[in-house]
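Single-letter residue listing:
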Amino acid sequence: MRIDPFGLERWFAEHEHEADIMLAESGIRSLDASRFDLDPGKLGYVIPTNGDPEFRASVGDRYDRSADEVLFTCGTQEANFLTFLSLLGDEGAVDGDGGESGVGSGTHAVVVTPTYQALHAVPDAFGDVTRVELEPPEWELDPEAVADAARDDTAVIVANNPNNPTGRYHDEAAMRAAYDVAVERDAYLLCDEVYRLLAAEPQPPVASYGAHGISTTSLTKAYGLAGLRFGWIAGPEPVVERAWRWKDYTTISPSLFGQHVAKQALGRREDRILSENRELAGDHRDRVATWVDEHDLDWLDPVGVNAFVTVPDGFADAEDFCRTVVEEASVVLAPGHLFGFPDRFRIGFGLPTEELEDGLDRVSRVIEDHTAESDSAATTGGDA
Ligand SMILES: Cc1ncc(COP(=O)(O)O)c(C=O)c1O
């Protein structure tokens, strides 16, 4: 088995620690721990290890699913990883049930890209991936392209909605049409919905569509609680049950501390947290929209706090632009080649407002300096 290095994480590891401003973080700014009770009592494992049954039942209600159709995980990352293992892993080795689990045994995944690298790199390591590429400027999901890519051995169709990096929120009709393709192929539609609750009008989650729908998410992006490392899978019981068996080998149980704070964040404080965060996202989107216009760049007006913007003139490509910005202005952006689009960069605008303003000003200065340099090179005929 071979897995590609996670390009975006490596880029962040190279630059994030030293830089002044992180303008590529894909989630909303973090909430302060002081908003929550921080004492879960004795710090043991969560027992049962798939998560507090009552809390799983209340999370399951959000999907019209039962407690046994929910598995708590360490973030969406583990939720996706375990779902892929559940669907694409070696069935005999996991279940010891001779294939009685009711989960198909195909090894093929159809993945809608560009997207978060884990959503194609992991299934690519375990099985075989066909990508359905979204195209600029609208990045629209074409269910017919999904149907064309699906095969008899397709186990899962994978989407991320709203989408990272484009900020595109695929409409419900397109998602339901992709779900129908999954049903026809006796496969599952897995939707990473980690940005869903940042939308002003969130669509129903895919796990509520029916027997072939699986949703993964966490409190990281929409709630601003990445450090909890708390997420879940919601979907059909056989898939969730197999994911739990794999979890015995990854993290055993979710974080007790994460579960304790998650109960509060999803309780009576939820509306307030989400409305504060949506308001921040909306205000920042407007500020970035003005900035994009000022520099004559293109983007799709995004849902969430990620946008995929064209590289300004005067730079060879996104990597050249993002390296220049981090070196000259100490601001981290994410180059689009990490998502297969070297003519774009991803900006994440969920950070605190003053940092956003400072970051945009600094990037503006880099763009203006380089425009001035290329103008003067053009007038003097030089090659600087
Ligand atoms: C689409 C998507 N899924 C999952 C993750 C990881 O999220 P978590 O912190 O919930 O593991 C990210 C982080 O950027 C993401 O963009």
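Cut-offs applied
- Residues numbered from 1 in each chain as written.
- Predicted model: local features only at pLDDT ≥ 70, side-chain atom pairs only at ≥ 80, totals over all residues.
- Heavy atoms only, no water.
- Phe/Tyr/Trp six-rings, centres within 6.5 Å; stacked < 30°, edge-to-face > 60°.
- Helix = DSSP H or I, 4+ residues; strand = E, 2+ residues; numbered from the N terminus.
- Buried < 20%, exposed > 50% of the residue type's maximum accessible area, 1.4 Å probe, protein only.
- Pairing = 2+ DSSP bridges.
- Domains from an automatic or database assignment.
- Contact = heavy atoms within 4.5 Å.
- Buried area = accessible area lost by both parts, 1.4 Å probe.
- Salt bridge = Lys/Arg side-chain N within 4 Å of Asp/Glu carboxyl O.
- Polar contact = N/O pair within 3.5 Å; in protein donor to acceptor, adjacent residues only side chain to side chain.

Draft legend 1. Layout of the packing of aromatic side chains. Tallied over the entire structure, the rule returns 14 aromatic pairs. Ring geometry for F81 against F126: centres 5.9 Å apart, planes inclined by 70°, an arrangement best described as edge-to-face. Of this pair, F81 sits in helix α3 (residues 75-88) while F126 sits in helix α5 (residues 118-126), and the two are 45 residues apart along the sequence. Note on F81: relative accessible area 33%, which makes it partly exposed. Taking the centre distance of 6.0 Å and the plane angle of 75° together, the rings of F308 and F341 count as edge-to-face. Of this pair, F308 sits in strand β9 (residues 306-310) while F341 sits in the loop between β11 (334-335) and β12 (344-348); the two residues are 33 residues apart in sequence, bridging distant segments of the chain. Given the relative accessible area of 0%, F308 is considered buried.

Draft legend 2. View of the sheet that holds β12. Read from one edge of the open sheet, three strands run β9-β12-β11, paired in antiparallel fashion. Every interior strand has two partners, whereas the edge strands, β9 and β11, have only one. By the bridge criterion, five bridges tie β9 to β12 in an arrangement that is antiparallel. Residue pairing for β12: N306 is matched across the bridge by G348.

Draft legend 3. Representation of the domain arrangement of the chain within the structure. Partitioning the chain into structural domains gives domain 1 (7-26 + 271-383) and domain 2 (40-267). If you average the C-alpha positions of domain 1 and of domain 2, the two centres end up 29 Å apart. At the interface, 21 residues of domain 1 touch 28 residues of domain 2. For the pair domain 1 and domain 2, the two sides together bury roughly 2000 Å², of which 60% comes from carbon and sulfur. For the domain 1 face of the interface with domain 2, the top three residues by lost area are R278, L300 and V303, together amounting to 29%. In this structure, the connection of domain 1 to domain 2 is made through one salt bridge. In this structure, K221 and E25 form a salt bridge, with 3.7 Å as the shortest nitrogen-oxygen distance. Taken together, the links from domain 1 to domain 2 amount to nine residue pairs in polar contact (both at pLDDT 80 or more). Listed by contribution, the elements that provide at least two residues to the side of domain 1 that touches domain 2 are α1 (7-15), α10 (270-294), β9 and β12.

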